[in-house]
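In case you want the letters, here they are:
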Amino acid sequence: MCVSVYYGAHTLTCALMLLNTDLHGHNIGKKMSCQQFISNLDGLNNGKDFPKDLLKVLYNSIKNEKLEWAVEEEELRKSLSELVEEQCEGGSKRVARVTDSSNPFIAIPILLNAVTYKHGVLTRKSHAEMDGKRTPRGRRGWKKFYAVLKGMILYLQKDEYKPDADLSEVDLKNAVRIHHALATRATDYSKRANVLKLKTSDWRVFLLQAPSEEEMMSWIFRINLVAALFSAPAFPAAIGSMKKFCRPILPSSSTRHSQEEQLVSHERQLKQMGVELEEHRKNQPAVDPKSREWEEYRLKEHYLTYEKTRYETYISLLQAKIRAETDDLEKIETSMMGSLFMDGRECLLRKTQSSPSISQAHAGLNGRMAGCSAPGQRTEEGR
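How each quantity is defined
Residues numbered from 1 in each chain as written. Predicted model: local features only at pLDDT ≥ 70, side-chain atom pairs only at ≥ 80, totals over all residues. Heavy atoms only, no water. Helix = DSSP H or I, 4+ residues; strand = E, 2+ residues; numbered from the N terminus. Buried < 20%, exposed > 50% of the residue type's maximum accessible area, 1.4 Å probe, protein only. Contact = heavy atoms within 4.5 Å. Areas by Shrake-Rupley, 256 points an atom, 1.4 Å probe, with all protein chains shown as cover. Core = buried A, V, L, I, M, F, W, Y, C linked by side-chain atoms within 4.5 Å. Pairing = 2+ DSSP bridges. Salt bridge = Lys/Arg side-chain N within 4 Å of Asp/Glu carboxyl O. Expected span 1.5 Å × (residues − 1). Axes fitted to C-alpha atoms, helices over the stretch in contact; angles between N-to-C directions. Phe/Tyr/Trp six-rings, centres within 6.5 Å; stacked < 30°, edge-to-face > 60°. Lys NZ or Arg CZ within 6 Å of the ring centre and 35° of its normal. Parallel < 35°, antiparallel > 145°, perpendicular 65-115°, else oblique. Nonpolar A, V, L, I, M, F, W, Y, C, P; charged D, E, K, R; others polar.

(A) Quick peek at the overall build of the protein. Secondary structure assignment for the protein yields 9 helices and 11 strands. Burial status across the protein gives 49% buried among its 383 residues. Contacts spanning at least 24 positions in sequence make up 68% of the contacts within the protein whose residues lie at least 6 apart. A total of about 19700 Å² of accessible surface is found on the protein, and carbon and sulfur atoms cover 51% of it.

Here it is in structure tokens:
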């Protein structure tokens, strides 16, 4: 009983934080209605519904007054962090930590000094919203942006990249967090060339067209590289008696692991996903596309298969970094890409516009640069 109560309280707490961000954050489109908020929580109170009157009161309370995140000063210095580049004595640069006090799950922090791993022109198409729901037709159009990969955030800016320029409200609305994300070549999209697919931790999907094949592969390399090195370990799965499948929440803060510890963490997660997938397939229900049981089974299998692919990619990146024995991003990229083949021919990379060295002053951040996902890798969207 205690576990069930805890699970329901945990679910409601997360829902309230997401509602707060939806109503008061930099979201795109219509804000969540009270009815939508109630519907999203159907069956999530240990298999039952939360009292509607309670949910209405909570919704109106948050709508009328934004929740403020109470964070201690010490916690601000140590957690909810991003990487920034600081100037040290002698002109050298080091990587350090800074924090923001906004919603740690969704809100985009404004960190002007974050390390820029890559920037260049990308044309974006929104393919799926949160949880993989297809983007409405009127919002699927292609739009050109100047993309800047800063820390664990991909900013899509209207204006050309300027290192010291302030971020506009529009820049923040278009920004995408890439923690626990996976970038792959969009092999299932043939209408345009040089398109990569970016799937985020909340299962939004974007198609991004680069000016050339080399740039497309470079973006895949650097996005996956940052996600593999700096994504904090996933939270333990919630425990409850519910049969309905729910994906776990993935933290957006930066990991405190060293490169070796991060590799071990990814390997542990990959093994766990493999075990869960094997057990899952042993309990396959009768194939009935209209049954809720079959839909739950299909969704969980898709999730476990995708997570295996993601962690396999992260592991290959970290292993490649260790073999490269260098922190120079340009050298690692050139070394890895030179050994890959696309469409039966070698992929020769030209130098990219930003190639920071990776040198850390903090022992826990030492040497975390890694490689690229294999070309032609496909992710199932299903919708």
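So much for the structure itself; the text now carries on.
(B) Inspection of the nonpolar core at higher detail. Within the largest apolar cluster, 50 residues are counted, with the highest numbers of intra-cluster contacts made by Leu149, Leu154, Ile178, Leu196, Leu198, Trp219 and Val226. If one sorts the elements of this core by residue count, helix α6 (residues 213–230) sits on top with 12 residues. Among residues more than four places away in sequence, those in contact with Leu154 are Ala147, Val148, Leu149, Asn174, Ala175, Val176, Ile178, Leu198, Leu208 and Trp219. Leu23, Met32, Tyr59 and Ile62 belong to the second-largest nonpolar core, a separate cluster that totals 15 residues.

(C) Quick look at the pairing of strand β9 (residues 205–209). Burial of β9 is extensive: 5 of the 5 residues sit out of reach of the surface. Side chains of β9 alternate between two faces, with Val205, Leu207 and Gln209 and Phe206 and Leu208 buried alike. Bridge count for strand β3 (residues 116–128) against β9 is 5 bridges, and the pairing is antiparallel. Across the sheet, the residue bridging to Ser126 is Phe206, located in β9. Where strand β8 (residues 195–199) meets β9, 5 bridges bridge the pair, whose relative direction is antiparallel.

(D) Region of the structure containing the pairing of β3. Of all the 13 residues making up β3, 12 are buried; the element is thus mostly covered by neighbouring parts of the structure. Sheet analysis places β3 next to strand β4 (residues 143–150), joined by 8 bridges and oriented antiparallel. If you follow Thr123 over to β4, its bridge partner there is Lys144.

(E) Representation of the pattern of salt bridges within the structure. Inspection of the entire model under this criterion finds 11 salt bridges. Taking the shortest distance from any N to any O, the salt bridge between Lys282 and Glu279 comes out at 3.5 Å. Taken as a pair, Lys282 and Glu279 lie in helix α7 (residues 259–282) at a separation of 3 residues, close to a single helical turn. Owing to a relative accessible area of 56%, Lys282 belongs among the exposed residues under this scheme. Residues joined by salt bridges that share partners form a network here, namely Arg222, Glu330 and Glu333.

(F) Main features of α6. Compared with an ideal rise of 1.5 Å per residue, which puts 18 residues at 26 Å, α6 spans 26 Å between its outermost C-alpha atoms and is within 8% of the ideal. Within α6, 17 of the 18 residues are buried, leaving the element largely enclosed by the surrounding structure.

(G) Layout of unusual backbone geometry. We note that His180 has phi near 55°; this positive angle belongs to a residue other than glycine. Considering the arrangement of structural elements, one finds His180 in the loop between β6 (176–177) and β7 (182–185). For His180, a relative accessible area of 2% puts it in the buried group. In the Ramachandran plot, Trp203 falls in the positive-phi region, its phi being about 65° despite a non-glycine side chain. For Trp203, the location among the structural elements is in the loop between β8 and β9.

(H) Summary view of the sheet that holds β8. Strand order in the open sheet formed by 7 strands is β6-β5-β4-β3-β9-β8-β7, and the pairing between neighbours is antiparallel. Of all strands in the sheet, those bounded by a partner on one side alone are β6 and β7. Inspection of the sheet shows strand β5 (residues 153–157) paired to β6 by 2 bridges, in the antiparallel sense. If you follow Ile153 over to β6, its bridge partner there is Arg177. Relative to the sheet, α6 contacts β3, β4, β5, β7 and β8, its axis offset from that of β3 by approximately 95°.

(I) Molecular detail of the packing of aromatic side chains. According to the stated counting rule, one finds 7 aromatic pairs in the structure shown. Counting every residue linked through ring pairs, the aromatic cluster contains Trp203, Tyr303 and Tyr306. Note that Lys118 overlies the ring of Trp219, its terminal NZ or CZ placed 5.2 Å from the centroid. Over the aromatic face of Trp203 sits the side chain of Lys199, whose NZ or CZ is 3.8 Å from the ring centroid.

(J) Just the packing of α6 against helix α8 (residues 292–324), in detail. Two elements in contact, α6 and α8, have axes whose closest approach is 9 Å; the angle formed by their N-to-C orientations is 90°. If you check the angle between α6 and α8, you find them roughly perpendicular. The segment α6 lies against α8, with Asn224, Leu225, Ala227, Ala228 and Leu229 engaging Thr313, Tyr314, Leu317 and Leu318. Tallied by class, residues from the contact of α6 with α8 come to 7 nonpolar, 2 polar and no charged.

Nothing here speaks to function; it is all geometry.
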